[in-house]
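Each chain is listed here by its residues.
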Amino acid sequence: MTNLIPKSHPRAKSLYIREQLVHAFDDGLVAKEGLMAHGRGEAFDYLIGEKTSKSAKNAIKAAAFALVCAKHPVISVNGNIAGLCPKEIVELSKVVNAKIEINLFYSSDKRKQNILRTLKKNGAREILGVDKKNTTRISSLDSARRIVDKNGIYTADVVLVPLEDGDRTLALKKEGKKVITFDLNPLSRTAQTADITIVDNVVRGIKELIDVCVKMQKKNLQNIAFDNKKNLAKSISEIKNYLERRAKLA
Ligand code: PTJ
């Protein structure tokens, strides 16, 4: 953390995450639009009290169960994710034996190569989404996100699509895939259409997700009753309660 942010600052962690993203932008991993996406996320993180809520913990358990039980899990990586938690993406992929696929909205070969290098530096072995020869298309999707790897997202049964708002989740569901997302905005299209939405900052939540996956693998797996709509409603009421508490303190 630079000297500009004293450790005692009440929002030091969030400001540190912001700095990390700016560095990742300077290093050519993050799109310009990714900086704005981050700002949106920061606003929602403030509304959830910048901590992992009970509803997020529920969703993390359901996500861990889905990933551990998946036959062909894939983690879809965009610029923001690569900039914020490359080490954890690689760790999670190893823990649940998931493939990693780079899939960008603002597609650019140069940015893909920068992301590839960063993931490799963090221990990734195989990375999909960079070899044009092995691609195919997801129907009912217009954006660059429709171009996917034949051995990756295309054949996956469970796909983790962290940090995006758009129509890809619905398109992936139409292809019969289970979709998990991290999204701080419980009302985004992705949050609302995913099978499992973890309303948490991916930087915090992914560490918890890795821990729960490891614990589940050590113990006997148990099915978890989970309803995404109900859980999203819970996360919205957690926000309301948090704001009411803050208003009383003001
Ligand atoms: O790298 P690319 O080209 O694939 O582009 C990636 C971005 C992020 C620019 C693209 O996916 C995009 O424009 O995303 P949106 O539509 O702005 O959606 C981002 C969503 O993620 C919003 O709902 C934010 O609230 C949420 N978000 C932002 N930061 C975080 C987050 N959710 C979890 N953790 C975060 N740190």
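Quick summary incoming for the structure in this document. (Residues numbered from 1 in each chain as written. Predicted model: local features only at pLDDT ≥ 70, side-chain atom pairs only at ≥ 80, totals over all residues. Heavy atoms only, no water.)

In this section: the site of the ligand. Around the ligand there are 25 residues in total, and G79, F105, Y106, R111 and R145 lie nearest to it. Here an oxygen atom of the ligand and a side-chain polar atom of R145 are 2.6 Å apart. Note that an oxygen atom of the ligand is positioned 3.1 Å from one of the backbone N or O atoms of D165. For the ligand, whose free accessible area comes to 740 Å², the fraction covered by protein is 96%. Assessed atom by atom at 2 Å from the grid points, the ligand resides in the largest pocket. Secondary structure elements with two or more residues in the shell around the ligand: α2 (32-47) and α4 (79-84). (Near = heavy atom within 4 Å. Polar contact = N/O pair within 3.5 Å; in protein donor to acceptor, adjacent residues only side chain to side chain. Areas by Shrake-Rupley, 256 points an atom, 1.4 Å probe, with all protein chains shown as cover. 1 Å grid on protein atoms, 1.4 Å probe; cavity = no way out; pocket = protein on both sides within 12 Å on 5 of 7 lines; lining within 4 Å. Sits in = over half its atoms within 2 Å of the grid points. Helix = DSSP H or I, 4+ residues; strand = E, 2+ residues; numbered from the N terminus.)

With that settled, consider the layout of surface pockets. In this model, the largest pocket occupies a volume close to 700 Å³. Contributing to the lining of the largest pocket are 38 residues, with A37, N80, L163, E164 and D165 lying nearest its centre. Counting residues per element, the ones that place at least two in the lining of the largest pocket are α1 (12-26), α2 and α4. Residue composition of the lining of the largest pocket, grouped by class: 13 nonpolar, 12 polar and 13 charged. Taken as a whole, the second largest pocket encloses approximately 380 Å³ of empty space. If you trace the second largest pocket, you find 18 residues lining it, with K13, I17, V203, R204 and K207 closest to the centre. Among the secondary structure elements, those contributing two or more residues to the lining of the second largest pocket are α1, α5 (86-96) and α9 (202-218). (Points joined across faces, edges and corners; volume = space filled by probe spheres on them. Nonpolar A, V, L, I, M, F, W, Y, C, P; charged D, E, K, R; others polar.)

All right, on to the environment of H72 then. Tracing the chain through its elements places H72 in the loop between α3 (54-69) and β1 (73-77). The spacing of H72 and D157 is 85 residues in sequence and 5.5 Å in space, taken between C-alpha atoms. With residues up to four places along the chain from it excluded, the contact list for H72 reads T155, A156, D157 and V158. (Contact = heavy atoms within 4.5 Å.)

Taken in spatial order, the six strands line up as β3-β2-β1-β6-β7-β8 in an open sheet, and their pairing is parallel. Each of the sheet's edge strands pairs with one partner strand only, and the pair in question is β3 (127-128) and β8 (196-198). Note: strand β2 (residues 99-102) against β3, two bridges, orientation parallel. Looking at the pairing, I100 lines up with I127 of β3. Along the sheet, α3 contacts β1, β6 (158-160), β7 (178-182) and β8; its crossing angle with β8, the most-contacted strand, is approximately 130°. (Pairing = 2+ DSSP bridges. Axes fitted to C-alpha atoms, helices over the stretch in contact; angles between N-to-C directions.)

Turning to the pattern of salt bridges, a few remarks are in order. Taken as a whole and assessed by the stated rule, the structure comprises nine salt bridges. Between E42 and R18 there is a salt bridge, with its nearest N and O atoms 2.8 Å apart. A residue pair is termed long-range when its members are at least 10 positions apart, and E42 in helix α2 and R18 in helix α1 qualify at 24 residues. Classification of R18 as partly exposed rests on a relative accessible area of 37%. Between K132 and D109 there is a salt bridge, with its nearest N and O atoms 2.9 Å apart. (Salt bridge = Lys/Arg side-chain N within 4 Å of Asp/Glu carboxyl O. Buried < 20%, exposed > 50% of the residue type's maximum accessible area, 1.4 Å probe, protein only.)

Considering all chains together, one arrives at one aromatic pair under this definition. Ring geometry for F105 against Y106: centres 4.8 Å apart, planes inclined by 85°, an arrangement best described as edge-to-face. In this structure F105 comes out as partly exposed when scored by relative accessible area, which is 36%. What makes Y106 partly exposed here is its relative accessible area of 38%. (Phe/Tyr/Trp six-rings, centres within 6.5 Å; stacked < 30°, edge-to-face > 60°.)

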